[in-house]
Amino acid sequence: MAADDERIVRLEETVAHQAKTIEELSDQLAEQWKVVEQTRARLERLTERFLTLEETSLDAPAITRPPHY
């Protein structure tokens, strides 16, 4: 019976270690998801700014040669 008890203790230790590892990985995944969402939001804002700048630059007057040419 002692061997069975030792085996159960080892299994319980393994399960506890794996549960801790899973929790740590879950926390890291949640942090990475926040970074991904922040990056996505920044990309959307930059895309909007770029499109706005592109639209305003299309309305700019044509570049002409300076009068001294």
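Here's a quick rundown of the structure.

On a plain count of helices and strands, the protein comes out with 1 helix and 0 strands. Relative to the compact-globule value of 11 Å for 69 residues, the protein shows a C-alpha radius of gyration of 30 Å, a clear excess of over 25%. Expressed as lengths along the three principal axes of its C-alpha atoms, the size of the protein is roughly 100 × 20 × 10 Å. Out of the 69 residues in the protein, the part that is buried amounts to 0%. For the protein, the computed accessible surface area is about 7,000 Å², with 60% contributed by carbon and sulfur atoms.

The subject of this paragraph is the pattern of salt bridges. Close approach of charged atoms allows side chains with opposite charge to pair. Counted by the stated rule, this structure contains 4 salt bridges. Two residues, glutamate 37 and arginine 40, come together in a salt bridge whose shortest N-O distance is 2.9 Å. Placement of both glutamate 37 and arginine 40 in helix H1 (residues 2–58) is noted, with a separation of 3 residues, approximately one turn of the helix. Several salt bridges share partner residues, and in doing so they unite Glu37, Arg40 and Glu44 into one network.

Parameters and conventions
- Residues numbered from 1 in each chain as written.
- Predicted model: local features only at pLDDT ≥ 70, side-chain atom pairs only at ≥ 80, totals over all residues.
- Heavy atoms only, no water.
- Helix = DSSP H or I, 4+ residues; strand = E, 2+ residues; numbered from the N terminus.
- Rg over C-alpha atoms; globule rule 2.2 N^0.38 Å.
- Buried < 20%, exposed > 50% of the residue type's maximum accessible area, 1.4 Å probe, protein only.
- Areas by Shrake-Rupley, 256 points an atom, 1.4 Å probe, with all protein chains shown as cover.
- Salt bridge = Lys/Arg side-chain N within 4 Å of Asp/Glu carboxyl O.

So far we have only geometry, and geometry alone does not tell us how the molecule works.
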